[in-house]
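# Per-entry structural report
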Amino acid sequence: MNTYLLRLVACLFVLLSFNVKALVVNGCAIEANTSCIGAELSGADLTGADLSDADLSYADLTGADLTGADLSGASLWRADLSYADLTGADLSEAWFANAYLNGADLTNTDLSGALLAGVTLTGAFYDEQTTFRTNFDPVSVDMIYVPTAVPVPAAAWLFGSALASLGLVRRK
């Protein structure tokens, strides 16, 4: 019985050791340096994907989840990322000429060095963690600032409840 188990483990090791190069979505290989011009990726879950230096020109990424994705140096010329979730994504040095990012979530996103020429950003969200290119004014392109929620420490809740209970005891 041990030899069968050993063979099974060896077979699994061989099968799992193959280097699966990339996930393929609608004919587009999701990997660095890929060329997926005009790809249909709307609504795709691309969380944490490495698409650095990829050519996604004319791609439809409407509503796609790109949370934590690496799109640094990517070409997104005329790409549609409307309502895409780009929270925490790396878009540094990306090329977004004439792209659409209406309503996209860009909170905690790195856009340093990104080319945003002719980009539509109406209703896109950003916060104080979002990094923009020097001299870029998000308000001038109708982006929406989302303040980061500041958690109330437990001590404040404890102090507040103590004051409330003192008030109740005093009334009695």
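Here, every reference points to the structure presented above.
These notes cover the structure that comes with them. As a convention, each chain's residues are numbered from 1 in the sequence order in which they are written. Predicted model: local features are reported for residues with pLDDT of at least 70 only, side-chain atom pairs are reported and counted for 80 or more only, and whole-chain, interface and lining totals are derived from all residues. By convention in this description, side-chain values take in all heavy atoms of the structure and omit both hydrogens and water.

Further remarks concern the side chain of S72. With respect to the helices and strands, the residue S72 is situated in the loop between β2 (28–30) and β3 (125–126). Residue contacts are counted whenever heavy atoms from the two residues lie within 4.5 Å of one another. Aside from chain neighbours lying at most four places away, what touches S72 is S52, D53, D90, L91 and S92. Every helix listed is a DSSP run of H or I at least four residues long, and every strand listed is a run of E at least two residues long, numbered separately from the N terminus.

Turning to the environment of N108, a few remarks are in order. By the secondary structure assignment, N108 is in the loop between β2 and β3. Take N108: its relative accessible area is 40%, and that puts it in the partly exposed class. Taking C-alpha positions, N108 is 10.0 Å from T67, a pair spaced 41 residues apart along the chain. Not counting the four nearest positions on each side in its chain, N108 is found in contact with G88, A89, D127, Q129 and T130. When accessible area is computed with a 1.4 Å probe and restricted to protein chains, residues below 20% of their type maximum are described as buried, those above 50% as exposed, and intermediate ones as partly exposed.

We now examine the side chain of S52. Position of S52 among the secondary structure elements: in the loop between β2 and β3. We classify S52 as buried; its relative accessible area is 11%. A distance of 2.8 Å separates the side chain of S52 from the side chain of D50, its partner in a polar contact. Residues contacting S52, with those up to four places away along its chain left out, are A32, N33, D70, L71 and S72. Counted as a polar contact is a pair of N or O atoms within 3.5 Å, where, for protein atoms, one must be capable of donating a hydrogen and the other of accepting one, and residues adjacent in sequence contribute only when both atoms are in side chains.

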